[in-house]
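What the coordinates show
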Amino acid sequence: MPVAEGKSVQQTVELLTRKLEILGAEKQGTFCVDCETYHTAASTLGSQGQAGKLMYVMHNSEYPLSCFALFENGPCLIADTNFDVLMVKLKGFFQSAKASKIETRGTRYQYCDFLVKVGTVTMGPSARGISVEVEYGPCVVASDCWSLLLEFLQSFLGSHTPGAPAVFGNRHDAIYGPADTMVQYMELFNKIRKQQQVPVAGIR
Amino acid sequence: MEAPPVTMMPVTGGTINMMEYLLQGSVLDHSLESLIHRLRGLCDNMEPETFLDHEMVFLLKGQQASPFVLRARRSMDRAGAPWHLRYLGQPEMGDKNRHALVRNCVDIATSENLTDFLMEMGFRMDHEFVAKGHLFRKGIMKIMVYKIFRILVPGNTDSTEALSLSYLVELSVVAPAGQDVVSDDMRNFAEQLKPLVHLEKIDPKRLM
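Counting of residues starts from 1 at the beginning of each chain's written sequence and follows it residue by residue. Chains and ligands are labelled sequentially in the order written, the chains with letters from A and the ligands with numbers from 1. Totals for whole chains, interfaces and linings use every residue, but because this is a predicted model, local features are given only for residues with pLDDT of at least 70 and side-chain atom pairs only at 80 or more, for both listing and counting. Based on all heavy atoms of the structure, the side-chain values leave hydrogens and waters out of the count.

In this section: the overall build of chain B. The number of helices and strands found in chain B is three helices and nine strands. When the helices and strands of chain B are listed from N to C terminus, the series reads β-α-β-β-β-β-α-β-β-β-β-α. Every residue pair with non-hydrogen atoms within 4.5 Å of one another is taken to be in contact. Taking contacts inside chain B between residues at least 6 apart in sequence as the whole, the part at least 24 apart equals 66%. The accessible surface values rely on the Shrake-Rupley method and a 1.4 Å probe; as for residues, cover is taken only from the protein chains in view. Here chain B displays about 11200 Å² of accessible surface, and carbon together with sulfur accounts for 54% of that area. Under the scheme used here, helices are H or I runs from DSSP no shorter than 4 residues and strands are E runs no shorter than 2 residues, and both carry numbers assigned from the N terminus.

Residues and elements named next belong to chain A. Sheet topology places strand β2 (residues 26-40) next to strand β7 (residues 102-111); eight bridges connect them, and they run antiparallel. Residue pairing for β7: Phe 31 is matched across the bridge by Gly 106. Judged from the seven bridges that link them, β2 and strand β3 (residues 54-60) form a sheet pairing that is antiparallel. Across the sheet, the residue bridging to Glu 36 is Val 57, located in β3. DSSP calls a pair of strands paired once it identifies at least 2 bridges connecting them. Two elements, β2 and strand β6 (residues 94-96), share three bridges in a ladder whose sense is antiparallel. Bridging across to β6, His 39 finds its partner in Gln 95.

Another point: the state of the cysteines. Pairs of cysteine sulfur atoms within 2.5 Å are identified as disulfides in what follows. Applying the stated criterion to the full structure yields zero disulfides over all chains. Cys 67 of chain A supplies the cysteine sulfur nearest to Cys 35 of chain A, a cysteine that is in no disulfide, at a spacing of 11 Å.

A few words on the packing of helix α1 (residues 32-42) of chain B against helix α3 (residues 181-193) of chain B. When two helices pack together, their arrangement is given by the angle between the helix axes and by the axis-to-axis distance. All names here are of chain B. Relative to each other, α1 and α3 sit at 135°, their axes nearing to 10 Å. Overall, the two elements α1 and α3 adopt an arrangement that is oblique. Considering how the two elements wind past one another, α1 and α3 form a crossing that is right-handed. Contacts from Leu 35, Arg 38, Leu 39 and Leu 42 in α1 reach Phe 189, Gln 192 and Leu 193 in α3. Angles shown run from 0 to 180 degrees and are taken between the N-to-C directions of axes, each axis being a line fitted to C-alpha atoms and, for helices, limited to the stretch in contact. Any angle that falls under 35 degrees is termed roughly parallel, while one over 145 is termed roughly antiparallel, one within 65 to 115 roughly perpendicular, and all others oblique. In this scheme the crossing of two helices becomes right-handed for a clockwise turn of the near helix relative to the far one and left-handed for an anticlockwise turn of less than a right angle.

Glancing now at the interface of chain B and chain A. Listed as interface residues are 29 residues of chain B and, on the opposing side, 25 residues of chain A. Buried area is calculated as the accessible area (1.4 Å probe) missing from two parts once they are joined, with the contributions of both summed. Of all residues in chain B, Phe 117, Glu 120 and Met 121 of chain B give up the largest surface area on contact with chain A, accounting jointly for 27% of the area buried on that side. Pairing of N or O atoms within 3.5 Å defines a polar contact, subject to two protein rules: one partner must be a possible hydrogen donor and the other a possible acceptor, and residues neighboring in sequence count only if both atoms are side-chain atoms. Applying the counting rule to chain B against chain A returns five residue pairs in polar contact (both at pLDDT 80 or more). Secondary-structure elements contributing two or more residues to the side of chain B that touches chain A are β3 (68-75), β4 (83-91), β5 (101-110) and α2 (114-121) of chain B. Per-element tally for the side of chain B that touches chain A: the top contributor is β5 of chain B, with six residues. Three categories are distinguished: nonpolar for Ala, Val, Leu, Ile, Met, Phe, Trp, Tyr, Cys and Pro, charged for Asp, Glu, Lys and Arg, and polar for the others, with Gly belonging to the last. The class makeup of the residues in the side of chain B that touches chain A is 15 nonpolar, ten polar and four charged.

With that settled, the discussion passes to unusual backbone geometry. Excluding glycine, a negative phi dihedral is what most residues carry, and trans is how most peptide bonds are arranged. With omega at 0°, the peptide bond leading from Lys 194 of chain B into Pro 195 of chain B counts as cis. One non-glycine residue with positive phi stands out, namely Asn 73 of chain A, at about 60°. Along the chain, the position of Asn 73 of chain A falls in the loop between β4 (66-71) and β5 (76-80). Within the chain, Cys 112 of chain A stands out as a residue other than glycine whose phi angle is a positive 50°. Considering the arrangement of structural elements, one finds Cys 112 of chain A in the loop between β7 and β8 (114-123).

All names here are of chain A. The buried label applies to any residue whose accessible area, calculated with a 1.4 Å probe on protein chains only, is under 20% of its type's maximum; exposed applies above 50%, and partly exposed to all values in between. Summarising burial for β4: six of the six residues are buried, a large majority. Side-chain alternation along β4 places Ser 66, Phe 68 and Leu 70 on one buried face and Cys 67, Ala 69 and Phe 71 on a second face that is also buried. The sheet contact formed by β3 and β4 spans four bridges and is antiparallel. Across the sheet, Met 55 pairs through a bridge with Phe 71, a residue of β4. Connecting β3 to the next strand, β4, in antiparallel fashion are five residues. With five bridges connecting them, β4 and β5 associate as antiparallel partners. Counted as the bridge partner of Ala 69 is Leu 77 from β5.

A few words now on the confidence of the model for chain B. All names here are of chain B. For chain B, per-residue confidence averages 84 on the pLDDT scale, and residues scoring 70 or more make up 89% of the total. pLDDT expresses, on a scale from 0 to 100, how confident the predictor is about each individual residue. In the model, residues 1-14 has pLDDT below 50 throughout and makes 18 contacts with residues more than four positions away in sequence or in other chains. Note on the complex model: pTM 0.81, ipTM 0.80.

In these notes, a set of buried Ala, Val, Leu, Ile, Met, Phe, Trp, Tyr and Cys residues joined through side-chain atoms within 4.5 Å is what counts as a nonpolar core. Ranked by size, the top nonpolar core spans 31 residues in total, and within it Phe 83, Leu 86 and Leu 90 of chain A together with Phe 68, Leu 118, Met 121 and Phe 123 of chain B carry the most contacts. In this structure, Leu 23, Leu 32, Val 145 and Phe 189 of chain B belong to the second largest nonpolar core, which totals 27 residues.

Residue and element names in this part refer to chain A. Per-residue confidence for chain A gives a mean pLDDT of 77, with 78% of residues at or over 70. Of all secondary-structure elements in chain A, the lowest mean pLDDT belongs to strand β1 (residues 2-5), at 46, while β3 reaches the highest, 91. Residue range residues 198-204 is modelled with pLDDT below 50. Its contacts to residues more than four positions away, or to other chains, number five contacts.

What follows concerns the packing of aromatic side chains. Classification of ring pairs uses Phe, Tyr and Trp, with its six-membered ring standing for Trp, and accepts pairs whose centres are within 6.5 Å; under 30 degrees between planes counts as stacked, over 60 as edge-to-face, and the remaining range as tilted. Using the criterion set out here, one finds ten aromatic pairs over all chains in the structure. On the numbers, 5.1 Å between centres and 40° between planes, the contact of Phe 114 of chain A with Tyr 136 of chain A is tilted. Of this pair, Phe 114 of chain A sits in strand β8 while Tyr 136 of chain A sits in strand β9 (residues 126-136), and the two are 22 residues apart along the sequence. Like Tyr 136 of chain A, Phe 114 of chain A is buried. On the basis of an interplanar angle of 5° and a centroid distance of 5.0 Å, the ring pair of Phe 68 of chain B and Tyr 87 of chain B is categorised as stacked.

Residues and elements named next belong to chain B. For Arg 86, the location among the structural elements is in strand β4. For Arg 86, a relative accessible area of 17% translates into the label buried. A polar contact of 3.0 Å, which involves the side chain of Arg 86, links it to the side chain of Glu 20. In this structure the side chain of Arg 86 is engaged in a polar contact, spanning 2.7 Å, whose partner is the side chain of Asp 107. Once residues lying within four places of it in the same chain are set aside, the contact partners of Arg 86 are Glu 20, Val 69, Leu 70, Arg 71, Cys 105, Val 106, Asp 107 and Val 174.

Below is the structure:
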């Protein structure tokens, strides 16, 4: 469940990772989540009479053989990696929004049943923010473990702990799945895209 | 929009373009048993496999003359199997001596909300049908003998009627682009099925 904050990026990431290591988390390699945006090309709009929609195609290194495609407030399709090949074929109908690729890369930590991923969100060459994802392995129903997650988040995020993600809005008791994680990442990336570029802090 | 001939396209994003090589034929219902018997002898030794699939064909109409076609297929008898999305390109016109129909093919396994997702993308369903039959394998070759059923009430797969009194026989291979030796192997195998069934290269455009 990703959380975002943006300060002076590099230092904040180091602060967070040091806190996690002091807590006792073990470093377990790296992770990457990326997102590309496509919009329906002008040629297909006339026949549908509706405004162009944005489609997000995302990948998550946690699920290396999958590709996630979603519409905002719409269905999220989980497909295998050949979906990217299909998007190339659909070039005439869906165009990639310019300079829209956004990704987060960082380290993966394991702390007992929690999986924590702290990453730097970058758009092109510039770092735009930080993403923190915490996953509680044993539980699949969100409402059952939200308070536990909140407590854990508070232990190392302090005042930056977020509220319950919108994804749980009306489905507190539904089984949580990878699609829900991707929806949260999409919302996070959109929020970061809308923000002004984070000013580069002086090196201390 | 016609995609450029696939064999000219570079390898994009680390994936190689896959081609489907296809030969088709048909047998009347009463000859089915003898064909199955011969196929069981010629093909790889495995449990006879039957399938019952529901296929929906979706079109995306754009400014271009020809709409983009995608085929969504789901298994009706195997619970939990992923949906199968398939794109088939235009047949490669290259070599007249090539024994099989060759076209670019992209196969994607997806989650169950595929139809909702395609509708959201702007696709509309053109037609649907149910396919019921047998599946055999020999090495990389796949042989399907199946009957097509027309769906009488859209969306209701229980009320179907057979389209004809015959079974469609398809011999297909999905292989990377440029492997023409595949079509020779297919022709050799097809020879062994004569005179029960004549498998040949059928150009879909000639039927329209």
